[in-house]
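# Descriptive structure summary
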Amino acid sequence: MITLRTLIWFVVAAVAMLAAVWLAEQPGVVTAEFRGWRLDTSVGALMVGLVVLVLLGVGGWLVYRWIMGAPGALMEGWFDSRRRRGYRALTQGLAAVAAGDGAEAQRQAKKAEKLLAEPSLTLLLSAQAAQLAGDQEAATRAFNAMLEDEQMAFLGLRGLTSQALRGGDQAKALTYAERAFRLRPQTPWVVHSLFDMQAQLGQWKAAQDTLDAGVRRKVVTPDRGRTLKAVLLIERSRAAERDGQAADALALAREAFALAPERIAATERLAELQIKAGEGRRALKTLERGWAVVPHPDLAQLYLKASGETDPLKRIGVIRRLAAHKPDDIESHVALAQASLDASLWGEARRHLEIAGGSNPTVRICRLMAEVEERSHAEQAKVHDWLARATNAPADRTWRCSACSANHGSWRSVCESCGSFGTLHWRAPGTFGQVLPPETRAQLEFAPSTSN
Ligand SMILES: [Zn+2]
């Protein structure tokens, strides 16, 4: 390329020279007159003069550009160093956030803000620094400013959600989480926090929609989605019953039971409504199916109620029918012991309790044994023995929260101590239960952390 260009220049120069020589040799004369001045010259000399003038003009223009351009270049250099210092402040600020130094982070954030004048870069640092330094107002201001920027809006909403939760304003947190969900419905924290908030506020239908979206987008595993949906349906069934919509209540309970028969609460809900609707036989079937999956003392009570049987001896037969669906389970033996005790069949009661207790009977079984001995008028020493044993016996299964391990007297969908939804299971302390299939621990974390 260079050689070609040089060649062209040579050709142009040669042509120009030849043209100049040819012009200078032309005999023509030019005469100009201006206010008494008179110029006589040849055409060639005039042409050369013109070329020199043009060259001088171009040269002058280049010198002018160079002089005028210098301050601009200087300004550019100054801005460059300003931006560099801004970025350094930003980096140091982020490092301070990571190190948990709120005051230093805020100092660097202010510096970066001033030097960079680019809010999309510095707002997040400012917000995090303010949060770290405990300056809630400044943090809220920064998060709100992030909403203006399309790229930062989502992060701003996350910050505002956690700010609102920390301040105890659930309604506000919910509106921010809903906005975040509309922006990015595939982000796990959004799905989980929104679902938890809706469930805690009793917005069952909305929570179900969020859960469905979470399962569709693979943020929630299908199995977890299934059991949580069953719990939501139980709550919706309760709400429908309260509103006097018995048919809806029954339909929702049926759906919950079909989804998760291993949820004792689903079996109970459906059986209760069936008994209420006068469908005793259906209730018996439901309870038998539920018992086969997870037996529970409350199910045995409902079974007796559904049967309508009042004769104590015949009630043993009723319980025997139920127990036949899981004959070797502890609960089957305890239910039979209880029925035998009610019918004053001490030997039968003792036999079932011995099987249920094995070598290490739990508190409940020790107490039932004491009751058998007491009511059968055995020696007082035996009663005292069992009562003494009860004080050191292993604890029974109870409704335990898998998220915070708190115990509850009865089942509920939202844990009273940590607010988790659908985490109450029928379990013994310190175990994941001998009957329930091992389930994954609740993965829903309520308050999203903004520091990572
Ligand atoms: Zn809990």
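Residues numbered from 1 in each chain as written. Predicted model: local features only at pLDDT ≥ 70, side-chain atom pairs only at ≥ 80, totals over all residues. Heavy atoms only, no water.

## Some words on the overall build of the chain
Heads up, the condition is: Per the convention used, a helix needs a DSSP run of H or I reaching at least four residues, while a strand needs a run of E reaching at least two, with both numbered from the N terminus. We compute the radius of gyration over the C-alpha atoms and compare it with the globule rule, which gives 2.2 Å times the number of residues raised to the power 0.38. Here's how the labels work: a residue is buried when its accessible area is under 20% of the maximum for its type, exposed when over 50%, partly exposed in between, all with a 1.4 Å probe on protein chains only. The contact rule is simple, with two residues in contact once any of their heavy atoms fall within 4.5 Å. Method for areas: the Shrake-Rupley scheme with a 1.4 Å probe, in which residue coverage is limited to the protein chains shown.
In terms of helices and strands, the chain carries 19 helices and five strands. Its C-alpha atoms give the chain a radius of gyration of 43 Å, more than 25% over the compact-globule value 22 Å for 452 residues. The principal-axis extents of the C-alpha atoms in the chain amount to approximately 155 × 45 × 45 Å. For the chain, the residues scored as buried account for 41% of the 452 residues in total. Taking as baseline every contact in the chain between residues at least 6 positions apart, the subset at least 24 positions apart corresponds to 52%. Total accessible area on the chain is roughly 25,500 Å²; 58% of this is exposed by carbon and sulfur atoms.

## Looking at the packing of aromatic side chains
How we decide: Note on aromatic pairs: the rings of Phe, Tyr and Trp (six-membered ring only in Trp) are paired at centre separations within 6.5 Å, and the planes decide the class, stacked below 30 degrees, edge-to-face beyond 60, tilted for the rest.
The final tally for this structure, using the stated rule, is six aromatic pairs. Aromatic pair Trp61 and Tyr64: ring centres 5.7 Å apart, planes at 25°, arrangement stacked. Remark: Tyr64 and Trp61 occur in helix 2 (residues 43-99); sequence separation between them is three residues, near one turn of the helix. Plain terms: the ring middles of Trp204 and Phe421 are 6.1 Å apart, the flat faces sit at 35° to each other, and that makes the pair tilted. You can see Trp204 sitting in helix 9 (residues 204-216) and its partner Phe421 sitting in the loop between strand 4 (407-408) and strand 5 (424-427), a full 217 residues away along the chain. Of the two residues, Trp204 and Phe421, neither departs from the other in class, the shared state being buried.

## Considerations on the pattern of salt bridges
When their charged atoms lie close together, side chains carrying opposite charge are able to pair. Cut-off, in case you're wondering: When a carboxyl oxygen of Asp or Glu lies within 4 Å of a side-chain nitrogen of Lys or Arg, that pair is called a salt bridge.
For the structure on display, the rule yields 17 salt bridges. With a closest N to O distance of 3.1 Å, Glu331 and Arg397 form a salt bridge. Residue Glu331 is found in helix 16 (residues 330-342), and its partner Arg397 is found in the loop between helix 19 (380-392) and strand 3 (398-401); the two are separated by 66 residues along the sequence. Each member of the pair Glu331 and Arg397 is classed as buried. For Arg350, the salt bridge goes to Glu373, with nearest N and O atoms at 3.0 Å. Of this pair, Arg350 sits in helix 17 (residues 346-357) while Glu373 sits in helix 18 (residues 363-375), and the two are 23 residues apart along the sequence. Taking the relative accessible area as the measure of exposure, Glu373 reaches 4% and is therefore buried. A cluster of three or more residues bridged by salt bridges with shared partners is formed by Glu241, Arg269, Glu272 and Lys276.

## Structural notes on the coordination of the zinc ion
Test applied: Sodium, potassium and calcium take a 3.2 Å donor cutoff, other metals 2.8 Å, and in both cases only N, O and S atoms count; water is not among them, so sites may look incomplete. Working rule for geometry: tetrahedral if four donors all subtend angles between 85 and 135 degrees; square planar for four, octahedral for six, if opposite donors exceed 155 degrees and the others stay between 65 and 115; irregular in every other situation.
Looking at the zinc ion, the protein donor atoms are Cys401 (SG), Cys404 (SG), Cys415 (SG) and Cys418 (SG), and they sit 2.2 to 2.3 Å from it. Classification of the site at the zinc ion rests on its four donor atoms, whose angles at the metal span 106 to 113°, yielding the label tetrahedral. All donors to the zinc ion come from one chain, and their sequence spacing reads C-x2-C-x10-C-x2-C. When its relative accessible area of 2% is taken as the criterion, Cys401 is described as buried.

## Quick notes on the confidence of the model for the chain
Selection rule: pLDDT: the predictor's confidence for each residue, scored from 0 to 100.
Per-residue pLDDT for the chain has a mean of 88; in total, 93% of the residues score no lower than 70. Note that residues 432-452 has pLDDT below 50 and, in this model, 53 contacts with residues that lie over four places away or in other chains.

## So, the pairing of strand 1 (residues 29-34)
The cut-off we apply is this: When DSSP finds two or more bridges between two strands, those strands count as paired.
Along strand 1, only zero of the six residues are buried, which leaves the element largely exposed. Relative to strand 2 (residues 37-42), strand 1 runs antiparallel, the two sharing six bridges. Counted as the bridge partner of Val29 is Ser42 from strand 2. Between strand 1 and strand 2, which pair antiparallel and follow one another directly, the connecting turn spans two residues, one of which, Arg35, has a positive phi of 45°.

## A few points about the sheet that holds strand 3
Reading across the sheet, the three strands line up as 4-3-5 and stay open at both edges, with antiparallel pairing between neighbours. The outermost strands of the open sheet, each flanked by one partner alone, are strand 4 and strand 5. Sheet topology places strand 3 next to strand 4; two bridges connect them, and they run antiparallel. Counted as the bridge partner of Trp399 is His408 from strand 4.

## As for the environment of Ile319
Along the chain, Ile319 turns up in helix 15 (residues 312-323). For Ile319, a relative accessible area of 2% gives the class buried. Taking the C-alpha atoms as reference, Ile319 lies 9.9 Å from Ala337; in sequence the two are 18 residues apart. Residues within four places of Ile319 in sequence aside, it is in contact with Ala300, Leu304, Ala335, Leu336 and Ala339.

## Details of a positive patch on the surface
Where we set the bar: Patch membership requires more than 30% relative accessible area and the absence of a salt bridge. Residues of like charge join within 9 Å; the nonpolar side chains Val, Leu, Ile, Met, Phe, Trp and Tyr join within 5 Å. All tallies of charge rest on Lys and Arg as positive and Asp and Glu as negative; His and the ends of each chain are not included. Think of each charge as sitting on NZ of Lys, CZ of Arg, CG of Asp or CD of Glu.
Together, Arg84, Arg85, Arg88 and Lys111 line one region of the surface with positive charge. Here the element with the most residues in the positive patch is helix 2; it accounts for three residues. Along the chain, Lys111 falls in helix 3 (residues 102-116). Lys111 sits in the partly exposed class, given a relative accessible area of 38%.

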